[in-house]
Amino acid sequence: MKQKIINPSTDEVITELELAGKKEVESAISSARVAFDKGTWPAISLKERKNFLLKISQGILDKAGDLAKLESLNTGKPIKESTFMDIPSSAKTFEFFANNLEKYLGPDTLKLQDAHCQLLREPQGVVVLIVPWNYPLLIASWKLAAALACGNTVVLKPSSLTPLTALELAKIIQEADLPKGVVNIINGSGAGLGEALCSDKRVDMISFTGSNATGKQIIEYASKNVKKLIMELGGKSASLILKDADLELAVNGSLCSIFLNQGQMCTAMSRIFVKDDVYDKFINDFTEKVKRIKLGDSLGYETQMGPLISDEQRKRVLEYVEKAKHQGAKLLCGGKIPDDPRLKNGFFFEPTVFSEVSPEMGIFQEEIFGPVVCVNKFSTLDEVIALANMSDFALASSIWTRDDALAQDLAGKINAGIIWINTYGMFYNEVPYGGFKQSGFGKELGKDGFLEYTRLKNIIIDKTKDSKPLVNYWYGF
Ligand code: NAD
């Protein structure tokens, strides 16, 4: 079956692609299994593996300009973001794991009283990687680089809305000359292929990034044959702006924290809490700047906000906005499809700010995944901690204050896997990343994220003085 790939800035067809079906899933899993069980990849020297990954990293850099354009064309994210964030960061992740795999996989031993223990890090085996549409190449790279560096073979499924950069990555991997069957990329519908991919006995692990609803389904599929899982799911993150914050920084940082990538970020700070003493100044400066954000075609270098990924996503966002208005939240700006005739074909939505949002409202509790933010005031620290933690999700948080000790104290009390102090969105390959509660489990990046793609085997060798351990005497024979 053919599928149209749409440019969300114009609603025009970029290209048509063949969609994978069950037959292609079968062939991808079987090819990854054979490459793992009978191929060279898990056993080649770490140095060789490192060189393959460095070639992929260089391949991404060599095509960086084209990849950035393709990513923006397909996702609608402003070209400035793809050029300076998504593409170079993808290359850097391959480079990082290439340069660290020998260190992370090195032998580890424990000397025990009567034994020696060797701790071996082995690859998991065949790993299915399922990625969303908001950071298609970057999230694919986080997963692929770590999985390959550990010696796994993989089946990667990009979102069927945004498969284009993953297909370019397939060419880069081919040019890097990886052994046959190590990387298998299939473009297909998650709903159609998910069960076949995620319940198959030949698959050892699934690393998933996407919505909470899909994550739960995948956990069900995987339970049929018990697999290692990484689940990077949604968020409803809180930003705390304290009385002594650098307000200009807090305003500018807050713009990034909710409007980058049109708010389609799992770590979007969609709830901002501002200390009542500085609330009026904050909200005036913030909304004044929000109104100045330039919407436009994702390929325009002047564009600060592109379209949402699809008309369906825009309808969803609009529904949340209408419901919030109806429930009594105060709309301060945005909240509608822009009138500008230049934008009429794309899936644009105005950056939207609400205040006076009560915790029972959907826009306070649910992940909207769009450019919609609630800005509320608070008066005490206990109150803001309770409000920030009043969520089923626990992914990220930002704290804006000049008081380092207070920031540290709050960081300990906020329920989130990632806390940024006086900044937002800083991701480092060195730093493990992931949330708690309904935001999922497992880490990406860093040594911890890397080791997720390994299984730990221990080998215990008897070292009793006379080489007769207790088992020799137990039955007294
Ligand atoms: P989604 O769950 O709809 O889709 C994600 C991927 O899962 C896609 O490749 C899709 O084709 C596939 N899929 C869909 N149904 C499936 C099924 N039944 N079985 C197997 N695979 C299936 O999510 P999305 O709309 O692409 O992305 C947005 C979501 O991703 C948001 O909830 C966001 O918070 C989350 N996200 C989380 C992180 C994180 O690191 N925590 C990062 C980015 C995005």
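Draft legend 1. The arrangement of the pairing of strand β10 (residues 238-241) in detail. Burial of the side chains of β10 extends over both faces: Ala-238 and Leu-240 are buried on one face and Ser-239 and Ile-241 on the other. The pairing of β10 with strand β11 (residues 271-275) spans four bridges and is parallel. For Leu-240, the partnering residue across the bridge sits in β11 and is Phe-273. For the handedness criterion, the β-α-β arrangement of β10, helix α9 (residues 247-259) and β11 is classed as right-handed.

Draft legend 2. How the structure looks around the packing of helix α2 (residues 46-62) against helix α4 (residues 79-105). The geometry of α2 relative to α4 is characterised by a closest axis approach of 8 Å and an angle of 170 degrees between their N-to-C directions. Classified by the interaxial angle, the pair formed by α2 and α4 is roughly antiparallel. For the pair α2 and α4, the contacting residues are Leu-46, Lys-47, Arg-49, Lys-50, Leu-53, Leu-54, Ile-56, Ser-57, Ile-60 and Leu-61 in the first and Ile-87, Ser-90, Ala-91, Phe-94, Glu-95, Phe-97, Ala-98, Asn-99, Leu-101, Glu-102 and Leu-105 in the second. When grouped by side-chain class, the residues that make up the contact of α2 with α4 number 13 nonpolar, three polar and five charged.

Draft legend 3. The sheet that holds strand β17 (residues 418-421), seen in detail. A sheet is described by the order of its strands in space; here seven strands give the open sequence β12-β13-β14-β11-β10-β16-β17, paired in mixed fashion. Of all strands in the sheet, those with a lone pairing partner are β12 (330-333) and β17, marking the two edges. On average, adjacent strands in this sheet sit at an angle of 25 degrees to one another, irrespective of strand direction. Sheet contacts for helix α13 (residues 381-388): β10, β11 and β14 (372-378); angle to β11, the most-contacted strand, approximately 180 degrees.

Draft legend 4. Representation of the site of the ligand in the model. Within the structure, the ligand sits among 28 residues, and Val-131, Ser-211, Thr-214, Leu-233 and Glu-367 are positioned closest to it. In this structure, Thr-214 approaches the ligand through a side-chain N or O atom, which is 2.8 Å from an oxygen atom. In the complex, the protein chains occlude 90% of the 840 Å² of accessible area that the ligand would expose alone. Breaking the shell around the ligand down by element, the ones donating at least two residues are α7 (190-199), β8 (205-209) and α8 (212-223). Considering every element that reaches the shell around the ligand, the biggest residue donor is α8, with four residues. Its residues assigned to classes, the shell around the ligand comprises 15 nonpolar, ten polar and three charged. No fewer than three residues from each of domain 1 (2-233 + 439-460) and domain 2 (238-421) sit in the shell around the ligand.

Draft legend 5. View of the sheet that holds strand β19 (residues 440-441). Reading across the sheet, the six strands line up as β7-β6-β5-β8-β9-β19 and stay open at both edges, with mixed pairing between neighbours. Each edge of the open sheet is held by one strand with a lone partner, namely β7 (183-185) and β19. In this structure, β8 lies alongside strand β9 (residues 228-232), joined through five bridges in parallel fashion. Across the sheet, the residue bridging to Phe-208 is Met-231, located in β9. Packed onto the sheet, α7 meets β5 (126-130), β6 (153-157) and β8 and runs at close to 160 degrees relative to β6.

Draft legend 6. Structural context of the domain arrangement of the protein. Per the domain assignment, the segments of the protein are domain 1 (2-233 + 439-460) and domain 2 (238-421). Taking the mean C-alpha position of each, domain 1 and domain 2 sit 30 Å from one another. Listed per partner, the contact involves 25 residues of domain 1 and 27 residues of domain 2. The interface formed by domain 1 and domain 2 includes zero salt bridges. Linking domain 1 with domain 2 are eleven residue pairs in polar contact (both at pLDDT 80 or more), by the criterion used here. Looking at the side of domain 1 that touches domain 2 residue by residue, the class counts come to ten nonpolar, eleven polar and four charged.

Draft legend 7. The packing of helix α3 (residues 64-75) against helix α6 (residues 164-175), seen in detail. Relative orientation of the contacting elements α3 and α6 amounts to 155 degrees, with a least axis distance of 9 Å. With respect to α6, the element α3 is oriented roughly antiparallel. Between α3 and α6, the residues in contact are Leu-67, Leu-70, Glu-71 and Asn-74 and Leu-164, Thr-165, Glu-168 and Ile-172, respectively. Across the contact of α3 with α6, the residue classes tally to four nonpolar, two polar and two charged.

Draft legend 8. Region of interest: α6. Relative to the 16 Å expected for twelve residues at 1.5 Å per residue, α6 spans 17 Å between its end C-alpha atoms, a close match to the ideal helical length. Asp-177 sits one or two residues past α6 and shows a positive phi near 70 degrees.

Calculation notes
Residues numbered from 1 in each chain as written. Predicted model: local features only at pLDDT ≥ 70, side-chain atom pairs only at ≥ 80, totals over all residues. Heavy atoms only, no water. Buried < 20%, exposed > 50% of the residue type's maximum accessible area, 1.4 Å probe, protein only. Helix = DSSP H or I, 4+ residues; strand = E, 2+ residues; numbered from the N terminus. Pairing = 2+ DSSP bridges. Right-handed = clockwise from strand over helix to strand, strands pointing away. Axes fitted to C-alpha atoms, helices over the stretch in contact; angles between N-to-C directions. Parallel < 35°, antiparallel > 145°, perpendicular 65-115°, else oblique. Contact = heavy atoms within 4.5 Å. Nonpolar A, V, L, I, M, F, W, Y, C, P; charged D, E, K, R; others polar. Near = heavy atom within 4 Å. Polar contact = N/O pair within 3.5 Å; in protein donor to acceptor, adjacent residues only side chain to side chain. Areas by Shrake-Rupley, 256 points an atom, 1.4 Å probe, with all protein chains shown as cover. Domains from an automatic or database assignment. Salt bridge = Lys/Arg side-chain N within 4 Å of Asp/Glu carboxyl O. Expected span 1.5 Å × (residues − 1).

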